[in-house]
Amino acid sequence: MNRSAKSQRVSWWFLPKLTRYSLTLLLSAVMLADAVGATPRKRGLQIAQQPGTTQQNAAAKRVSQVLQRPKFPPLPKIPPLPKVSPQPPNATRDATEWVFPIIQLPQFPSQPPNATRAAAERVFQEGKELYQQGTAESLRRAIGKYQEALKLWQQVDDKRSEAATLNSIGLVYSDLGEKQEALKYYNQALPISRAVEDRTGEARTFNNIGLVYSDLGEKQEALKYYNQALPISRAVGDRKGEATTLNNIGLVYSDLGEKQEALKYYNQALPISRAVGDRKGEARTLNNIGLVYYLLGEKQEALKYFNQALPILHAVGYRAGEAKTLNNIGGVYYLLGEKQEALKYFNQALPILRLVGDKGGEANTLFNMASLERSQGNLQQAQTHIQAAIDIIEDLRTKIANKELRTSYFASVQGYYKFYTDLLMQLHKKDPSKGYDALALQVSDRSRARGLIELLTEANIDIKKGIDPKLLAEETSLRSQINAQEKLLSELSSKKETPEQLLTNTKQQIQNLLKQQRELEVKIRANNPEYADLIYPQPLTLKQIQQQLDKDTLLLQYSLGEERSYLWAVTPDSLNSYELPGREKIDKAAKNLYNNYLKNPGMLGVSPEETAKAANELSQLILAPVADKLGQKRLVIVGDEALQYIPFAALTTPTKSVDGSDYKPLVVNHEMINLPSASTIAILRKQTKRRTKAAKTLAILADPVFTVNDQRVTGKSANTANNNIDQQLEESALKRSSRNINRSEIQRLEGTEKEAKEILKLVSPSQNIQAFGFDANYNWATNKQLSQYKMLHFATHGFLDSTEPELSGIVLSLIDKQGKSQRGFLRLTDIFNLNFPAELVVLSACETGLGKEVKGEGLVGLTRGLMYAGAARVVVSLWNVDDEATSLLMSQFYSQMLQQGKTPAAALRAAQLKMWEQEKWRNPYSWSAFTLLGEWR
């Protein structure tokens, strides 16, 4: 019996592929500031719809909240663009979007003479003039002028001008690359525009918010806001705003790979911009059309459009746009093989980007110059450029306070780190004595799990310490609104006649409120002195990594690249590096092993020899070069992309046999530990070093009750419904998660009670606490008494939801002794709020080691929640495990720890080896699913 119904939500073989170091062109997007940024007030960020009058709510309701391709009234017929030919090979890129802003100032309405108003208009105009100068210094000064104007507008209670100024401040911050700050001001402008029914301002703010999300890599989120802006612009006859948003929707489709769809929107935007005399808008759309042709490999056609855009931008004095188009022309010449011509254009673009303070655009052009220099064999010059680009990215990243947005941005620039890693390894090949391989390892580690490292660093900070009570009250209010909407969703979902649109809108409202809650958390953190003093932790250097190792430990760190991949083998006193095949070849072998032999069908008709053959195929690719260094050392694995799903214990020291007949898995000679990054272990050790060890040994939970049909439910109530609102919300969340991962029912795990009782025989009654059946519930799992135990063991179902990660969790008893439903879903958000300072947490459940694959972060799921809660080590699984096999494995695991005194890493190896030695359990499906993450000492 499997511990879980099959769940196939983790489609890891669809990992996005980076095109090999191709140049990155700059996209043209527009920020309208006709209702645009200013001083923050005591409120959380309010992106979603705000409470308002019936009239305001009715107006807001007309705006589509649903993510879909917009359906709009037909447009006048316009001449079609040239037909696009199919995309040639290697013409795509790892796209990074950069905002191409255009500011449009509000027209101040006629008002009676007023000295304050006159002063506001004058100061605002001074800010506009500074903005139009376009230098980094003038932009900073413009913010000061806009802030002065804002206070004056507030004195005369001119809400429209206040919103316009807020939007303007946001626009400047966005130009400076400070996207989080920009978002803060846009979110202050939006409710003001709504309150005064300024629909044009509302649409333009929606557009601007969309651009921030697009720039941070959240393309689908950006599309939501564009799809709210466009119908409003059309309804109020704002043709310029309409063209702007059409252009920006085109950008999203281009970035999502739908080039023809992108052209369709550009084709609508271009004639509108020309009709209203918007020369900047015309130029940006010409630039974007050129970009599509570039991506489709039609280089001459791309050059034609870029060359139409450039003189317009020069004529209207829009330096930032001019620099971006110069960059793009350079990119085309690069692909045409005219590299000196390309460099000429890059060298024209770079000083302009620096002058106007466009840090993102500067990093992009530096990346292009690095790629060009590398292609000409100038590796040192390429290193100078890419290092400068990375420095900019690191700086921009720290300016994003919201953790989710920071992660999205970091994912969007992973190509820079991959390029730099590969460049350094090529320098190492050219001159092995200069330590370039050590620097490459540091750059590779710098690109990994930064969000997790920062989470662990801040784990012991009480973010609510000394916070304004008003913010805490706002947090309570948001939580109540979320609860109410969750209850409504639960009620609507239970009615078959509920319209799908109503369900969709309710879900969207919940998502909007959750987003406000996350943004409020950012504000609470920012106001905490202890948190504000926290410096972002830096990844380790080679020397620091080596200090974390001992003589019996070998670190194997991987980086998968398009043409070639790399492996670094690190000991306390040595570093060896190896070049491996490209990503596609390794992906293919890893996918074959995981899907066909380990995860599924597992023991069903697949022999150990067949599994061994597939394991050996992957081992030949990723372990053969380092085979002579393995010995019998403990192996610490930092995987990359597909390799994060592979239990290295099931791989083998590469053999000459191709049929798997001499298969000897690595577990025979090696302990195995997994880490998200090499730097993670230092943070974990720092976190656990000074804390007092728990006094008691083991807390264990097993065999919960999931349904009223369970034979243990004897006192069935006539009314099993539970009217507790919180309970209903949790039930709703569990149902949603079940649907997301295709689980139709939650089956009892009878073997877990036997497993738990066998483990408990090893611990004296005074040293353990246990919960079986009905007692294995939410209240027990969240009780503060668990902080007194060194080991926590959960033998139950785990839900890993990649669609809505916040719904991931551990399923506990859902039914009480009276047959009534009770709270029993320990969600990921709950885990983050727990205090589990345990030496070891074991999730003896299914797929608990998986999670949402995020570039730069790896697998984001239950593991990071448990580490944040304080666990020094976590044992989790990589697929749906067999109930009987897991019970035997866990009994052996605890026996090795508690009776033989072995470390968790050594004990897991011994237990897996014991299983492998038995004919019945010889297949790696039965014993290799569980992996240990964290401390090995």
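Here the structure is a predicted model, which is why all the values come from computation and not from measurement. (Residues numbered from 1 in each chain as written. Predicted model: local features only at pLDDT ≥ 70, side-chain atom pairs only at ≥ 80, totals over all residues. Heavy atoms only, no water.)

### Things to note about the overall build of the protein
Working step 1: Counting its regular elements, the protein contains 35 helices and 16 strands.
Working step 2: A buried classification covers 63% of the 937 residues belonging to the protein.
Working step 3: Carbon together with sulfur atoms contributes 49% to the accessible area of the protein, which is approximately 35,600 Å² in total. (Helix = DSSP H or I, 4+ residues; strand = E, 2+ residues; numbered from the N terminus. Buried < 20%, exposed > 50% of the residue type's maximum accessible area, 1.4 Å probe, protein only. Areas by Shrake-Rupley, 256 points an atom, 1.4 Å probe, with all protein chains shown as cover.)

### Observations regarding the side chain of Ser565
Working step 1: Considering the arrangement of structural elements, one finds Ser565 in strand β2 (residues 564-571).
Working step 2: In terms of polar contacts, Ser565 uses its side chain to reach the backbone amide nitrogen of Gly561, at 3.2 Å.
Working step 3: Reaching out from Ser565, the side chain makes a polar contact with the backbone oxygen of Pro581 at a distance of 2.8 Å.
Working step 4: Once residues lying within four places of it in the same chain are set aside, the contact partners of Ser565 are Ser559, Leu560, Tyr578, Glu579, Leu580, Pro581, Gly582, Arg583 and Ile586. (Polar contact = N/O pair within 3.5 Å; in protein donor to acceptor, adjacent residues only side chain to side chain. Contact = heavy atoms within 4.5 Å.)

### So, the nonpolar core
Working step 1: Counting residues in each nonpolar core, the largest one holds 210 residues, and the members touching the most others are Ile386, Tyr416, Leu556, Leu618, Ile622, Leu651 and Phe893.
Working step 2: Among the elements that take part in this core, helix α13 (residues 339-356) stands out by supplying nine residues, more than any other.
Working step 3: If sequence neighbours within four positions are ignored, Leu618 has contacts with Ile586, Ala589, Ala590, Leu593, Leu643, Ile646 and Leu651.
Working step 4: The next biggest cluster of nonpolar side chains, apart from the first, holds 28 residues, and it includes Leu684, Ala781, Leu786 and Val841. (Core = buried A, V, L, I, M, F, W, Y, C linked by side-chain atoms within 4.5 Å.)

### Topic: the pairing of strand β8 (residues 789-795)
Working step 1: Taking burial as the measure, the seven residues of β8 include six buried ones, the bulk of the element.
Working step 2: Note: strand β6 (residues 696-704) against β8, six bridges, orientation parallel. By the bridge assignment for β8, Leu701 is matched with Phe794. (Pairing = 2+ DSSP bridges.)

### Considerations on the packing of helix α7 (residues 219-235) against helix α8 (residues 239-255)
Pairs of packed helices are described in terms of their axes, by the angle between the two and the distance that separates them.
Working step 1: Where α7 meets α8, the axes come as close as 9 Å, and the angle between the chain directions of the two elements is 155°. Between α7 and α8, the crossing angle belongs to the class labelled roughly antiparallel. Crossing geometry of α7 relative to α8 is assigned as left-handed. From α7, Lys219, Ala222, Leu223, Tyr226, Asn227, Ala229, Leu230, Ser233 and Arg234 reach across to α8, where they touch Gly241, Glu242, Thr245, Leu246, Asn248, Ile249, Val252, Tyr253 and Asp255.
Working step 2: By residue class, the composition of the contact of α7 with α8 is nine nonpolar, five polar and four charged. (Axes fitted to C-alpha atoms, helices over the stretch in contact; angles between N-to-C directions. Parallel < 35°, antiparallel > 145°, perpendicular 65-115°, else oblique. Left-handed = near helix turned anticlockwise from the far one by under 90°. Nonpolar A, V, L, I, M, F, W, Y, C, P; charged D, E, K, R; others polar.)

### Quick look at helix α15 (residues 379-398)
Working step 1: If you check α15, its first and last C-alpha atoms are 29 Å apart, about what 20 residues at 1.5 Å a residue would give, namely 28 Å.
Working step 2: Within α15, burial applies to Leu379, Ala382, Gln383, His385, Ile386, Ala389, Ile390, Ile392, Ile393, Glu394, Leu396 and Arg397. (Expected span 1.5 Å × (residues − 1).)

### Section: the pattern of salt bridges
Working step 1: Summed over the entire model, instances satisfying the criterion amount to 45 salt bridges.
Working step 2: Among the ionic pairs, Arg234 bridges to Glu242, the shortest N-O distance being 2.9 Å.
Working step 3: Relative accessible area serves as the criterion here: at 18%, Arg234 is assigned to the buried category.
Working step 4: Using a relative accessible area of 4% as the deciding quantity, one classes Glu242 as buried. (Salt bridge = Lys/Arg side-chain N within 4 Å of Asp/Glu carboxyl O.)

### What about unusual backbone geometry?
Working step 1: Phi at Asp157 takes a positive value of approximately 55°, unusual for a residue other than glycine.
Working step 2: By the element assignment, Asp157 lies in the loop between α3 (136-155) and α4 (159-175).
Working step 3: In this structure Asp157 comes out as exposed when scored by relative accessible area, which is 52%.
Working step 4: With a phi angle near 50°, Glu641 is a residue other than glycine that sits in the positive phi range.
Working step 5: In this fold, Glu641 is placed in the loop between β4 (634-638) and β5 (672-674).
Working step 6: The class for Glu641 is buried, based on a relative accessible area of 10%.

### Points about helix α18 (residues 436-446)
Working step 1: Burial analysis of α18 places eight of its eleven residues in the buried class, the great majority of the element.
Working step 2: By the burial criterion, the buried members of α18 are Tyr436, Asp437, Ala438, Ala440, Leu441, Val443, Ser444 and Asp445.

### Focus: the environment of Ser574
Working step 1: The topology assignment puts Ser574 in strand β3 (residues 574-581).
Working step 2: For Ser574 and Leu542, which are 32 residues apart along the polypeptide, the C-alpha to C-alpha distance reads 9.8 Å.
Working step 3: Excluding residues that lie within four positions of it along the chain, Ser574 makes contacts with Gln546 and Ala569.
Working step 4: Within the structure, Ser574 has its side chain in polar contact with the side chain of Thr571 (distance 2.5 Å).

### Here we look at the pairing of β4
Working step 1: β4 sits mainly inside the fold: five of its five residues count as buried.
Working step 2: Both faces of β4 are covered, namely the face carrying Arg634, Val636 and Val638 and the face carrying Leu635 and Ile637.
Working step 3: Bridge analysis of β4 against β5 gives three bridges, and the strand direction is parallel. Pairing of Leu635 across the sheet is with Met672, part of β5.

### Examining the confidence of the model for the protein
Working step 1: Summing up the model confidence of the protein, the mean pLDDT is 75 and the portion of residues at 70 or higher is 73%.
Working step 2: Low pLDDT (under 50) marks residues 1-22, which in the prediction has 88 contacts with non-local residues, meaning those over four places away or in another chain.
Working step 3: Every residue in residues 31-110 scores below 50 in pLDDT, and together they form 272 contacts with partners more than four places removed in sequence or on other chains. (pLDDT = per-residue confidence, 0-100.)

### As for the packing of aromatic side chains
The description of two aromatic rings rests on the distance between their centres and on the angle between their planes.
Working step 1: The tally for this structure, following the rule as stated, stands at 13 aromatic pairs.
Working step 2: Centre to centre, the rings of Phe367 and Tyr416 are 4.8 Å apart; their planes meet at 50°, and the pair counts as tilted. Linking Phe367 in helix α14 (residues 359-375) with Tyr416 in helix α17 (residues 414-430), this pair joins segments that are 49 residues apart in sequence. A single burial state applies to Phe367 and to Tyr416, both of which are buried.
Working step 3: With a centroid separation of 5.8 Å and an interplanar angle of 50°, the aromatic rings of Tyr558 and Phe648 are classed as tilted. Of this pair, Tyr558 sits in strand β1 (residues 553-559) while Phe648 sits in the loop between β4 and β5; the two residues are 90 residues apart in sequence, bridging distant segments of the chain.
Working step 4: Since its relative accessible area comes to 0%, Tyr558 is described here as buried.
Working step 5: Through successive ring pairs, a cluster of aromatic residues spans Phe206, Tyr213 and Tyr225.
Working step 6: Lying over the aromatic face of Trp916, Arg922 brings its terminal NZ or CZ to 4.2 Å of the ring centre. (Phe/Tyr/Trp six-rings, centres within 6.5 Å; stacked < 30°, edge-to-face > 60°. Lys NZ or Arg CZ within 6 Å of the ring centre and 35° of its normal.)

### Examining the side chain of His385
Working step 1: Of note, His385 is situated in helix α15.
Working step 2: Residue classification places His385 among the buried positions, given a relative accessible area of 10%.

### Quick word on the environment of Tyr225
Working step 1: The topology assignment puts Tyr225 in helix α7.
Working step 2: In this structure, the C-alpha to C-alpha distance between Tyr225 and Leu211, residues 14 residues apart in sequence, is 8.7 Å.

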